[in-house]
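Descriptive structure summary
Chain residues, written in single-letter form:
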Amino acid sequence: MADPAATGASGEAMAAAAAAGCKVPQETLLKLLAGLTRPDERPPLGRGLGGGHEEVAQEAGLQVLAEPSPAFPALGIGMDSCVIPLRHGGLSLVQTTDFFYPLVEDPYMMGRIACANVLSDLYAMGITECDNMLMLLSVSQSFRDAAEEGGTAVTGGQTVVNPWIIVGGVATVVCQPNEFIMPDSAVVGDVLVLTKPLGTQVAVNAHQWLDNPERWNKIKMVVSKEEVELAYQEAMFNMATLNRTAAGLMHTFNAHAATDITGFGILGHSQNLAKQQRNEVSFVIHNLPIIAKMAAISKASGRFGLLQGTSAETSGGLLICLPREQAARFCSEIKSSKYGEGHQAWIVGIVEKGNRTARIIDKPRVIEVLPRGTTLQPSLQTIPMPLLNPALEME
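Residues numbered from 1 in each chain as written. Predicted model: local features only at pLDDT ≥ 70, side-chain atom pairs only at ≥ 80, totals over all residues. Heavy atoms only, no water.

Looking now at the pairing of strand E8 (residues 281–291). With 11 of its 11 residues buried, E8 lies for the most part within the structure. Where E8 and strand E10 (residues 346–353) come together, 5 bridges link them in antiparallel fashion. Paired with Ser282 across the two strands is Glu352, which belongs to E10. Here E8 runs beside strand E11 (residues 358–369); their pairing, made up of 8 bridges, is parallel. Pairing of Pro289 across the sheet is with Ile367, part of E11. (Buried < 20%, exposed > 50% of the residue type's maximum accessible area, 1.4 Å probe, protein only. Helix = DSSP H or I, 4+ residues; strand = E, 2+ residues; numbered from the N terminus. Pairing = 2+ DSSP bridges.)

Applying the stated rule across the entire model yields 3 cavities of 30 Å³ or more. Size it by volume and the largest cavity reaches roughly 90 Å³. The class makeup of the residues in the lining of the largest cavity is 5 nonpolar, 8 polar and 3 charged. (1 Å grid on protein atoms, 1.4 Å probe; cavity = no way out; pocket = protein on both sides within 12 Å on 5 of 7 lines; lining within 4 Å. Points joined across faces, edges and corners; volume = space filled by probe spheres on them. Nonpolar A, V, L, I, M, F, W, Y, C, P; charged D, E, K, R; others polar.)

Once that is clear, we can look at the environment of Ile320. Within the element layout of this structure, Ile320 appears in strand E9 (residues 318–322). On the basis of relative accessible area, Ile320 is assigned to the buried category, the value being 0%. Expressed as a C-alpha distance, the spacing of Ile320 and Ala258, which sit 62 residues apart in the sequence, is 4.3 Å. The contact partners of Ile320, leaving out residues within four places of it in the chain, are Val191, Leu192, Val193, Thr195, Met250, Ala255, Ala257, Ala258 and Phe330. (Contact = heavy atoms within 4.5 Å.)

So, about the side chain of His269. Locating His269 in the fold gives a position in helix H10 (residues 265–275). Here His269 is in contact with Thr259, Asp260, Ile261, Thr262, Gly263 and Phe264, once residues within four sequence places are set aside.

Here we come to helix H8 (residues 225–240). An α-helical turn contains 3.6 residues, so any two residues separated by three or four positions project in the same direction. With 16 residues, H8 extends 23 Å from end C-alpha to end C-alpha; this agrees with the ideal 22 Å at 1.5 Å per step. For H8, every residue scored as buried is listed here: Val228, Ala231, Tyr232, Glu234, Ala235, Met236, Asn238, Met239 and Ala240. (Expected span 1.5 Å × (residues − 1).)

With the rule as written, the count across this model stands at 7 salt bridges. For Lys338, the salt bridge goes to Glu333, with nearest N and O atoms at 2.9 Å. Judged by relative accessible area, Glu333 falls into the partly exposed class, the value being 21%. (Salt bridge = Lys/Arg side-chain N within 4 Å of Asp/Glu carboxyl O.)

Here we take up a negative patch on the surface. There is a patch of like negative charges on the surface, built from Glu105, Asp106, Asp211, Glu226 and Glu229. You can call Glu229 partly exposed: its relative accessible area is 35%. (Patch = residues over 30% accessible without salt bridge, like charges linked within 9 Å, V, L, I, M, F, W, Y side chains within 5 Å. Areas by Shrake-Rupley, 256 points an atom, 1.4 Å probe, with all protein chains shown as cover. Lys, Arg positive; Asp, Glu negative; His and termini not counted. Charge placed at Lys NZ, Arg CZ, Asp CG, Glu CD.)

Spelled out as structure tokens, the structure:
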């Protein structure tokens, strides 16, 4: 097994990679995977192989659309999970895998974050139940605890000796068509809702910089050490929180599409989701809910691109396309005490007619999300910006 130091990859380099989300750049990744994409249509599956696509879709209880669309709900490379039609009576296999370098100091919290991050890909499809999980390259009681909270169990995995600590897993579920929501049905007039604040990467980095005088000196004028500690704790709590409640409410409030916000930032994942849409729409983001003080740190450090939407997140929230009349109710419902503490949601943008792109307006409104148990002066809670659409005032 190679010594990381011998390859020039120091512990500091590993920390930097972890802080950057461990991600291959999005454009590079999609080019590498281009040859693995599946055809838009698959041969008819099921009991009879001779029937047409429409007949089999109707047999499975699926809506047959007049516009061009796969007869079988199927999703391959590029989105959160793969959706593979099975040979058996309209069922689909939904599966995802994810792993990364540790990014917080608490081993127990790291295991929970890793599990929440894997399950989030299923939750982005509106799936609330997971049939099985595997752990990759780690052994973690907290990973199993988070899996149990999600109503599933870890039944195996793979662990090897590795000079780099890596944590992650695989999540698998077999679904009927009504148990998942394909991420392709946004319509003009929909509202974009986000269920966790941004800024986890910034908070984790700032916490590391407390022991790095050179880096700390660049941000100490905009944030105190106490504020960094509180932001770090808030980021950990958010990353370890399952998106399961939001997934269930996607069905209640008739969500049209969703994705989770992780390594490519809110802009990258919004663009990815926009490309999947069947209708000619685009996403416009007006509001950015951000853990308090992280926007100031991003600006002062000259790093991350938090206000540009390119800052990586880990185990971030769901970005959901909801009917305009349902969005405010969704945001109110998810905060209900019956779902436990810690669930939040904000209206962040709109769906308009367009060419399947996504953008953040030039001067987005920053919503400073306070860590639990803290207060700020009212003047510091937001950077005001006149909103272009009244729908965005609904919170």
